[in-house]
Amino acid sequence: MNSGDDEGSQDSWDSLVDQRRRDAVFREVLQSYDQLRTRIGSLTDAKNKILSYTPGAWIENVGGMTLSDYDVPKTTSLLLIGPKGSGKSSLVNRISKVFENDKFASERAQVTYNSSVGDGTYFLQEYTIPRGSNSFSLYDTRSLSDDASDNINMIKLWIMEGVRHGELVIRRSDSSSLRNRMRCKARKIGCDPSVIRKVNFVIFVVDGLAVLKSMEGDSDVEKQYDQIVATTFNCPYLSFRDDKPVVVVTHGDLLSLTDRARIRTYLGELLGIPPAKQIFDIPESSDPENELIIIDMLRYCLEHADRNLSCKSCARNKGFRVSVMAFLNLLLVLGIAIIAFKMQHLNAHRIPKSNSHVDWRAIRHLWLD
């Protein structure tokens, strides 16, 4: 047998192993739906666990550190991001409904029913969960762009600088007419966002129908959705240490259970995360099973948000570095201003206007005076 045959046999074996692994993962995902039904009786206890949450409550005391050693926020902030039409605003409404005592309360987030018209959300919107609470909040954001650099710049700003309710989101690729319309809206609202919240964890929302179409399609246009999702998801700004965002798959009510399991399995391999534990299938329904999925997803997010809180010493060191840089910049500006004033004074009193030569010894003598 020649080397070519050996390579072909190895490739066939690797392909067989990969297929068996995918089949095992698929069965695990499919079984998770059956396991969910057996847990319905724990729905009330699980909901109360979320309702009793306070920022930092689920910090793990490791490395000899306790709650007092961490920089705990007043409100834990969860950022929702996803492509156009993925259902971020609808997800906000479904999550809010789970904890609403008034089942007839109006929906909180504006939902776009025609994703081909505009991008839906242009202003960052904060929604506290439950309504009126300060425990944790969801931030609805503008949809992802087809331009990867636009997405990375937008995410970098939110993660590094923080998010503010009511803040207008403008991308570099936006046309001048769109920019003008949005700024006009911002002026009409007259809201000056002031409270900046640090993002503590990320929920990545995808449309199950679009993923399935991308899975089964062959053209570049059909594959584009996967590319946007994978490129954005792997942006380093979205990871908190080693923890990647959770993924929520929407519109599952329009798909068969088998297709929903296939989509989660496929996304797990595409994004490199366990589909049965980190990818949550949340369809458009209000049944107890769906409520339990939402609670499981929130529990995952809040636990990982608390686990990745920065320690106070890190926050102090960062603040100290910022203060030192600001002080040095101030000294530089003052030095330039003093030199400019001395130069002006020297030109007015000691150097004839027709003489372009600068006597640096005279400047030094004047500076020392």
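Per chain, residue numbering runs from 1 following the sequence as it is written. With the structure being a predicted model, the display of local features is reserved for residues of pLDDT at least 70 and the display and counting of side-chain atom pairs for 80 or more, all residues being used for whole-chain, interface and lining totals. Side-chain numbers here rest on the full set of heavy atoms in the structure, without hydrogens or water.

Per an unreviewed UniProt entry, the protein chain goes by the name G domain-containing protein and belongs to Citrus clementina.

**Remarks on the overall build of the protein chain**
Rules: Elements are defined by DSSP. Helices are runs of H or I of four residues or more, strands are runs of E of two residues or more, and each kind is numbered from the N terminus. With a 1.4 Å probe rolled over the protein chains alone, any residue whose accessible area is under 20% of its type maximum counts as buried; one over 50% counts as exposed, and the rest are partly exposed. Here, two residues are considered to be in contact whenever any of their heavy atoms come within 4.5 Å of each other. The Shrake-Rupley method, run with a 1.4 Å probe sphere, supplies the accessible areas, and residue values consider only the shown protein chains as cover.
In terms of helices and strands, the protein chain carries 12 helices and six strands. Out of the 369 residues in the protein chain, the part that is buried amounts to 41%. If you take every contact in the protein chain between residues at least 6 apart in sequence, the share linking residues at least 24 apart comes to 72%. Taken as a whole, the protein chain presents about 21000 Å² of accessible surface, with 54% of it coming from carbon and sulfur.

**Re the pairing of strand E1 (residues 76-81)**
So the rule is basically this: When DSSP finds at least two bridges between two strands, those strands are taken to pair.
In terms of residue burial, E1 counts as a mostly covered element, since six of its six residues are buried. Residues Thr76, Leu78 and Leu80 of E1 are buried on one face, and the alternating residues Ser77, Leu79 and Ile81, pointing to the opposite face, are buried as well. Judged from the four bridges that link them, E1 and strand E3 (residues 136-140) form a sheet pairing that is parallel. In the sheet register, leucine 78 faces E3, and the bridge partner there is leucine 138.

**Remarks on helix H4 (residues 148-161)**
Put simply, the rule is: Between the first and last residue of a helix there are one fewer steps than residues, each counted as 1.5 Å, and that sum is the expected span. Directions drawn from the helix axis to the C-beta atoms are what define this arc.
For H4, which comprises 14 residues, the first-to-last C-alpha distance of 20 Å matches the rise-based estimate of 20 Å (1.5 Å per residue) to within 8%. The set of residues buried in H4 consists of Asp150, Asn151, Met154, Ile155, Trp158 and Ile159. All buried residues of H4 lie within an arc of 150 degrees about the axis, which places them on one face of the element. Elements that come into contact with the buried residues of H4 comprise E1, strand E4 (201-207) and helix H7 (220-233). Of the residues one or two after H4, glycine 162 is the one with positive phi, at around 100 degrees.

**Some remarks on the packing of aromatic side chains**
The condition that has to hold: For Phe, Tyr and Trp, where Trp contributes only its six-membered ring, two rings pair if their centres lie within 6.5 Å, and the inter-plane angle classes them as stacked under 30 degrees, edge-to-face over 60, or tilted in between.
In this structure the tally under the stated criterion is six aromatic pairs. Between phenylalanine 201 and tyrosine 300 the ring centres are 6.4 Å apart and the planes differ by 55 degrees, which places this aromatic pair in the tilted class. Residue phenylalanine 201 is located in strand E4, and its partner tyrosine 300 is located in helix H10 (residues 288-307); the two are separated by 99 residues in the primary sequence. Here phenylalanine 201 and tyrosine 300 have matching classes, each one buried. Ring geometry for phenylalanine 280 versus tyrosine 300: centroids 6.3 Å apart, planes at 65 degrees, classification edge-to-face.

**Brief notes about the environment of isoleucine 170**
Looking at the element boundaries, isoleucine 170 is found in the loop between H4 and helix H5 (176-189). The exposure class of isoleucine 170 is partly exposed, given its relative accessible area of 29%. A sequence separation of 16 residues divides isoleucine 170 from methionine 154, and the C-alpha atoms of the two residues are 8.7 Å apart.

**Concerning the pattern of salt bridges**
Spelled out, the test is: We count a salt bridge whenever a side-chain nitrogen from Lys or Arg sits within 4 Å of a carboxyl oxygen from Asp or Glu.
Counting across every chain of the model gives 19 salt bridges. Across the pair arginine 39 and aspartate 296 runs a salt bridge, and its minimum N-O distance is 2.9 Å. Note that arginine 39 is positioned in the loop between helix H1 (3-38) and helix H2 (43-51) and aspartate 296 in helix H10, a separation of 257 residues in sequence. The exposure class assigned to arginine 39 is partly exposed, which follows from its relative accessible area of 32%. Between lysine 47 and glutamate 291 there is a salt bridge, with the nearest N and O atoms lying 3.6 Å from each other. With lysine 47 in helix H2 and glutamate 291 in helix H10, the pair connects residues that are 244 residues apart, well separated along the chain. Taken together, the shared-partner salt bridges in this structure form one network comprising Asp18, Arg21, Arg22 and Glu269.

**Considerations on the side chain of aspartate 140**
The line we're drawing: Only four residue types enter the charge count: Lys and Arg as positive, Asp and Glu as negative, with His and the chain ends excluded. Polar contact is the term for a pair of N or O atoms within 3.5 Å; when the atoms are in protein, one must be able to donate a hydrogen and the other to accept it, and sequence-neighboring residues count only if both atoms are side-chain atoms.
In this fold, aspartate 140 is placed in strand E3. Despite its burial, aspartate 140 pairs with no opposite charge, the nearest such side chain being lysine 88 at 5.0 Å. For aspartate 140, the side chain forms a polar contact with the side chain of serine 89, separated by 2.5 Å. With near-sequence residues (within four places) excluded, aspartate 140 lies in contact with Lys88, Ser89, Val92, Thr121, Phe123, Leu124, Gln125 and Tyr127.

**Focus: the nonpolar core**
Under the convention used in this document: Take the buried Ala, Val, Leu, Ile, Met, Phe, Trp, Tyr and Cys residues and link them wherever side-chain atoms come within 4.5 Å; each set so joined is a nonpolar core.
Formed by 68 residues in total, the largest nonpolar core has its most connected members in Ile203, Val247 and Met297. Sorting elements by how many residues they give to this core places H10 first, with 10 residues.

**Focus: the packing of helix H6 (residues 208-216) against H7**
Threshold: Every axis in this analysis is a line fitted to C-alpha atoms, fitted for helices over the stretch in contact. Angles between the N-to-C directions lie between 0 and 180 degrees. Each angle is binned into one of four classes, with values under 35 degrees roughly parallel, values over 145 roughly antiparallel, values of 65 to 115 roughly perpendicular, and all other values oblique. Here a crossing is called left-handed whenever its near helix is offset anticlockwise from the far helix by less than a right angle, and right-handed whenever the offset is clockwise. Just so you know the grouping, Ala, Val, Leu, Ile, Met, Phe, Trp, Tyr, Cys and Pro go in nonpolar, Asp, Glu, Lys and Arg go in charged, and all remaining residues, Gly too, go in polar.
H7 packs onto H6 with a crossing angle of 125 degrees between their chain directions and a minimal axis gap of 8 Å. In terms of orientation, H6 lies oblique with respect to H7. Of the two elements, H6 crosses H7, and the hand of that crossing is left-handed. Contact residues: Ala210, Val211, Lys213, Ser214 and Met215 in H6; Glu222, Lys223, Tyr225 and Asp226 in H7. Here the contact of H6 with H7 is built from residues that sort into four nonpolar, one polar and four charged.

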